[in-house]
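# Overview (structure and organization)
Residues per chain are reported as follows:
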Amino acid sequence: MFNIAKADGRLVVTFPERMDTLACEQHAHRIDEEVSQAQEPVTFDLAGVIYVSSSFLRICLRTAQAAGQDRFAMANVAPEVRKVFKIAGLESCLAIR
Amino acid sequence: MRSIARLESPALLENLPRFIAVVSDAARAEGLGPQKTGSVELAVEEAVTNICKFAGQGTPVSIELSCLADGVMLAVEIADDGRPFDLTARPDPDLTARLEDRPIGGLGVFLIKKVSDRVAYERRGERNVLRLEFRRPAGA
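As the structure is a computational prediction, the values presented were derived from the model and not from experiment.

Of the volumes computed, that of the largest pocket is approximately 470 Å³. Looking at the lining of the largest pocket, the elements with two or more residues in it are α2 (54–67) of chain A together with α2 (33–55), β3 (73–80), α3 (107–115) and β5 (127–135) of chain B. A total of eight residues in the lining of the largest pocket trace back to one element, the largest contributor, which is α2 of chain B. The residue inventory of the lining of the largest pocket, partitioned by class, reads twelve nonpolar, six polar and seven charged. In this structure, the second largest pocket occupies an estimated 360 Å³ of space. Considering the residues around the second largest pocket, the lining is formed by 18 residues, among which Ile 50 and Glu 80 of chain A together with Pro 34, Gln 35 and Gly 38 of chain B are closest to the centre. Only β5 (51–52) and α3 (79–87) of chain A together with α2 of chain B provide two or more residues apiece to the lining of the second largest pocket. Top element by residues in the lining of the second largest pocket is α2 of chain B. It accounts for seven residues.

Encoded structure:
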């Protein structure tokens, strides 16, 4: 389920099972808005996410660039999702746990 | 190869789930397995999204998607009557660039090339025809 909340000094974003093009179009604006106003580091919690498209990679890139590389992390990334980040060459430049 | 599924629909993002459902069912029916089925869904989503966003430039575009299979491979042909676009000719993004230098766009086409076993493009008359091939994994 999509949610944005502050927890343990971080802005934590959770997502639905499939972050495809339509889901990204639905949520991108709010993410951009919240990240631009946040003072805290940002975590994308991908627990339960099993599918991402390039639209989601773009959201991650944009968020990491806006927040700063050392203030953005991704947690609970499933192997099939990690594979997409790896193919796109983003595994090494985004903090994926 | 035999035709196993076909869908023709306007190139609108709201129709994307219908295209994905067709190829997902076809991949499962051909026994491609969950990982390969995910690759089929991803490649087709990226290709159809590109057409919906860029092929028309204000003019209505139609997409015809066909699934063909021979027991060894699933081929997905995506034809559209939008402006000519050969994604196989697009240069790959620089994957070594630093995060702050990475362009936001261009990853969709790259993903199509990487998750498909073969990608071919041809301009047939007034239509773009993109053919994506996916081999059945060994043991599947």
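Residues and elements named next belong to chain A. Under the 1.5 Å per step criterion, the end-to-end length of helix α1 (residues 21–37) is 24 Å for 17 residues, consistent within 8% with the ideal 24 Å. Of all the bends in α1, the greatest measures close to 45° and is centred on His 27. Turning to α1, its buried residues number three or more, namely Thr 21, Ala 23, Cys 24, His 27, Ala 28, Ile 31 and Val 35.

It is worth spelling out unusual backbone geometry at this point. Residue and element names in this part refer to chain A. Despite not being glycine, Asp 8 shows a phi value in the positive range, around 50°. Given the relative accessible area of 81%, Asp 8 is considered exposed. Not every positive phi belongs to a glycine, and Asn 76 is a case in point at roughly 55°. Within the secondary structure, Asn 76 is located in the loop between β6 (72–75) and α3.

Right, let's talk about the packing of aromatic side chains for a bit. All names here are of chain A. Under the definition given, this model contains six aromatic pairs over all chains. Geometrically, the ring pair formed by Phe 15 and Phe 44 is edge-to-face, given 5.0 Å between the ring centres and 70° between the ring planes. Taken together, the positions of Phe 15 in the loop between β2 (10–14) and β3 (18–19) and Phe 44 in strand β4 (residues 42–45) put the pair 29 residues apart, joining distant regions of the chain. Phe 44 carries the same exposure label as Phe 15, and that label is buried.

With that settled, consider the environment of Val 35 of chain A. All names here are of chain A. Secondary-structure assignment places Val 35 in helix α1. For Val 35, a relative accessible area of 9% translates into the label buried. For the pair Val 35 and Pro 79, spaced 44 residues apart in sequence, the C-alpha to C-alpha distance is 26 Å. Setting aside residues no more than four positions away along its own chain, Val 35 makes contact with Leu 11, Val 42, Thr 63, Ala 66 and Ala 67.

A few words now on the environment of Gly 105 of chain B. Tracing the backbone through its elements, the reader meets Gly 105 of chain B in the loop between β3 and α3. In the structure, Gly 105 of chain B is positioned twelve residues away from Pro 93 of chain B in sequence and 8.9 Å away in space, judged by C-alpha atoms.

This brings us to the interface of chain A and chain B. The interface is formed by 24 residues belonging to chain A together with 25 residues belonging to chain B. Taking both partners together, chain A and chain B bury about 2,000 Å²; carbon and sulfur atoms supply 62% of that area. For the pair chain A and chain B, the interface holds two salt bridges. In this structure, Glu 25 of chain A engages Lys 53 of chain B in a salt bridge whose closest nitrogen and oxygen atoms are separated by 3.1 Å.

Each value, and the rule that gives it
Residues numbered from 1 in each chain as written. Chains lettered and ligands numbered in written order. Predicted model: local features only at pLDDT ≥ 70, side-chain atom pairs only at ≥ 80, totals over all residues. Heavy atoms only, no water. 1 Å grid on protein atoms, 1.4 Å probe; cavity = no way out; pocket = protein on both sides within 12 Å on 5 of 7 lines; lining within 4 Å. Points joined across faces, edges and corners; volume = space filled by probe spheres on them. Helix = DSSP H or I, 4+ residues; strand = E, 2+ residues; numbered from the N terminus. Nonpolar A, V, L, I, M, F, W, Y, C, P; charged D, E, K, R; others polar. Expected span 1.5 Å × (residues − 1). Bend = angle between axes of the 7 residues up to and from the residue. Buried < 20%, exposed > 50% of the residue type's maximum accessible area, 1.4 Å probe, protein only. Phe/Tyr/Trp six-rings, centres within 6.5 Å; stacked < 30°, edge-to-face > 60°. Contact = heavy atoms within 4.5 Å. Buried area = accessible area lost by both parts, 1.4 Å probe. Salt bridge = Lys/Arg side-chain N within 4 Å of Asp/Glu carboxyl O.

Keep in mind that these numbers describe shape and distance, not what the molecule does.
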